[in-house]
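# Topology and contacts: notes
Residue strings, one per chain:
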Amino acid sequence: MNFITRLSALCLRKSKLQQRHQSGRRPAVPLGSRILTDPSKVFEHNMWDHMQWSQEEEENAKEKAAENSLVKVHWEDQDKYEREANKYWNEFYKTHKNNFFKDRNWLFLEFPEILPEKMREELKTEERSSGHTKINSIDSFSCKNEMFEEGEKYWKKNYGGGSTSVQGYVYNKTQAKSLTDNPQGKNCGEELGRLESFPGSDASYRILEVGCGAGNSVFPILKVLCNTPGTFLYCCDFSSGAVELVKSHSSYNSAWCSAFVHDVCDDALPYPFPDEILDVILLVFVLSTIHPDRMQGVVNRLAKLLKPGGMLLFRDYGRYDTAQLRFKKGHCLSENFYVRGDGTRVYFFTKDEVWNMFNLAGLTEVQNLVDRRLQVNRKKKVKMQRVWIQSKFQKPLLLSQNNLEETAKSHPYI
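All figures in this text were calculated on a predicted structure; none of them were measured in a lab. (Residues numbered from 1 in each chain as written. Predicted model: local features only at pLDDT ≥ 70, side-chain atom pairs only at ≥ 80, totals over all residues. Heavy atoms only, no water.)

## Details of the pattern of salt bridges
Summed over the entire model, instances satisfying the criterion amount to 17 salt bridges. Between K395 and E276 there is a salt bridge, with the nearest N and O atoms lying 3.3 Å from each other. In this pair, K395 is assigned in the loop between strand 11 (382–394) and helix 15 (401–410) and E276 in the loop between strand 4 (257–261) and strand 5 (278–284), connecting sequence segments 119 residues apart. E276 sits in the partly exposed class, given a relative accessible area of 33%. When the shortest N-O distance is used, the salt bridge between R373 and D371 registers 3.0 Å. Among the ionic contacts, a cluster of salt bridges with common partners joins D79, R83, E84 and K87. (Salt bridge = Lys/Arg side-chain N within 4 Å of Asp/Glu carboxyl O. Helix = DSSP H or I, 4+ residues; strand = E, 2+ residues; numbered from the N terminus. Buried < 20%, exposed > 50% of the residue type's maximum accessible area, 1.4 Å probe, protein only.)

If you want it as structure tokens, here you go:
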């Protein structure tokens, strides 16, 4: 079974769209080209690309963020959210299981680097011979719209409701050193023995998804890469409940994938494979859940797992996204860092912050952009300004462990 055949599931929507077109219905517009030029037509589609904010919109967003961060969560509660982060995520997956987020079928549109180079070349050859783009022919806007389809009840409950104990408090970073309990260390396996015994040791192309959740990226990737000789997918999550959901899925196969519980904030925990063997690390809507004081350490550790030339693919919340502006007073932990009503936390990045973190980890920029879109609920006539940061950073081919140590010496605060 070749690569193009394995993409058939992702391309199913294409045939449906062609049928619509033949019946007189509007065909899909290619990804990234749906531009809103006439405001009166805003509710004709679910998503509009490349939105440009006016100075007034920018100022209004800043004011809303400043207002909802005036009252900080009490320190005792902040400490609890840090220490018990595992509990809150386990409760999240116990409640929602694999029904909350839809499969990320948009992954290959935004991150074709997930695929081995040979597969990418096969795809390009097929596109040239057929005269159309296999992946981009999907109704990509429906796929993009699947990324976050939180219901109104969830928004109200987690971004405004609840009875979080708060007081006027100035957050002190030196107090944020309480360590998260690590009951899941045993799930990462004992100390690695002989290197040839680790999962995926026979593979030549290896991917790690950090923060795999219930498998909404894992299974679209496996669908494409399954039965491809030499490929292997690792996936880990802080929540043991999430990992159990992945392992219990009908498409999970330990011959092609290894799911394990791991706290990426704990440098002492070993990964079930050696450093410098990964071709791709996928970090999608994960880093934002980690305390800002710990983010640099996480990125540094992940960089060591990449082989020279390996790629880290990043997508997460951007500053002044609708999700940030919807928070009510009393949910702010520190600047641009909030807690939802269910106890899970979220940070909102700028492009410069992301660049600084990955640069200090010794990675070089391939892409780093702000993705502004207008998401529309046509039924309720609601408009939401979505802001995401999308980045691709590569480990230099000549970067060795010695280079990383020199970088660390020159930046002692890493």
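From this point, the discussion proceeds with the structure in view.
## Some thoughts on the confidence of the model for the chain
Across the chain, the average pLDDT comes to 77, with 65% of residues at or above 70. Mean pLDDT values over the elements of the chain span from 38, in helix 8 (residues 140–145), up to 98, in helix 14 (residues 351–360). Here residues 161–194 is a poorly scored stretch, pLDDT under 50, and it has 66 contacts once near neighbours within four places are set aside; other chains count. (pLDDT = per-residue confidence, 0-100. Contact = heavy atoms within 4.5 Å.)

## So, unusual backbone geometry
Even without being glycine, Y320 reaches a positive phi, approximately 70 degrees. Residue position: Y320 is located in the loop between strand 6 (306–317) and helix 13 (322–325). Unusually for a residue other than glycine, N336 sits at a positive phi of about 65 degrees. Mapped onto the secondary structure, N336 falls in the loop between strand 7 (332–334) and strand 8 (337–339). The class for N336 is buried, based on a relative accessible area of 10%.

## Comments concerning the nonpolar core
By size, the foremost hydrophobic cluster in this structure holds 44 residues, and its most contacted members are F111, I114, I207, V218, I221 and L282. A per-element tally of this core places helix 10 (residues 218–225) first, with six residues. Filtering out sequence-adjacent residues up to four positions away, I114 remains in contact with L107, F108, Y205, I207, I221, V280, L282 and L313. (Core = buried A, V, L, I, M, F, W, Y, C linked by side-chain atoms within 4.5 Å.)

## Things to note about the environment of K247
Considering the arrangement of structural elements, one finds K247 in helix 11 (residues 240–247). Expressed as a C-alpha distance, the spacing of K247 and F260, which sit 13 residues apart in the sequence, is 9.1 Å.

## Here's the deal with the pairing of strand 11
Relative to strand 11, strand 6 runs antiparallel, the two sharing seven bridges. Bridge assignment links Y317 to a residue of strand 11, and that residue is W388. Two strands pair when backbone bridges link them, and strand 10 (residues 364–377) and strand 11 are joined in this way by 13 bridges, in the antiparallel orientation. Opposite L374, over in strand 11, you have Q385 as the bridge partner. Linking strand 10 to strand 11, which pair antiparallel, is a turn of four residues; within it K381 sits at a positive phi near 60 degrees. (Pairing = 2+ DSSP bridges.)

## So, the packing of helix 12 (residues 292–305) against helix 14
The N-to-C vectors of helix 12 and helix 14 enclose an angle of 50 degrees; their axes lie 8 Å apart at closest approach. Here helix 12 lies oblique to helix 14, going by the angle between them. Note on packing geometry: the crossing formed by helix 12 with helix 14 is right-handed. When helix 12 is examined against helix 14, the residues M295, Q296, V299 and N300 are found in contact with a partner set consisting of N356, M357, F358 and L360. Of the residues assigned to the contact of helix 12 with helix 14, the class counts are five nonpolar, three polar and no charged. (Axes fitted to C-alpha atoms, helices over the stretch in contact; angles between N-to-C directions. Parallel < 35°, antiparallel > 145°, perpendicular 65-115°, else oblique. Left-handed = near helix turned anticlockwise from the far one by under 90°. Nonpolar A, V, L, I, M, F, W, Y, C, P; charged D, E, K, R; others polar.)

## So, the sheet that holds strand 9 (residues 345–347)
Pairing is antiparallel across the open sheet formed by three strands, whose spatial order is 7-8-9. Among the strands making up the open sheet, the edge pair consists of strand 7 and strand 9. Recorded for the sheet is a direction-independent mean angle of 30 degrees between the axes of neighbouring strands. Here strand 7 pairs with strand 8 via two bridges, running antiparallel. Looking across to strand 8, one finds that C332 is bridged to Y338.

## Observations concerning the packing of aromatic side chains
Following the criterion strictly, the structure yields 17 aromatic pairs and no others. Aromatic pair Y81 and Y88: ring centres 5.5 Å apart, planes at 50 degrees, arrangement tilted. Taken as a pair, Y81 and Y88 share a single burial class, namely buried. On the numbers, 5.9 Å between centres and 75 degrees between planes, the contact of Y338 with F348 is edge-to-face. With Y338 in strand 8 and F348 in the loop between strand 9 and helix 14, this pair connects stretches of sequence that are 10 residues apart. F348 shares its class with Y338; the two are buried. Positioned over the ring face of Y88 is K87, at 4.9 Å from the centre of the ring. Over the face of the ring belonging to W106 we find R315, whose NZ or CZ atom lies 5.6 Å from the ring centre. (Phe/Tyr/Trp six-rings, centres within 6.5 Å; stacked < 30°, edge-to-face > 60°. Lys NZ or Arg CZ within 6 Å of the ring centre and 35° of its normal.)

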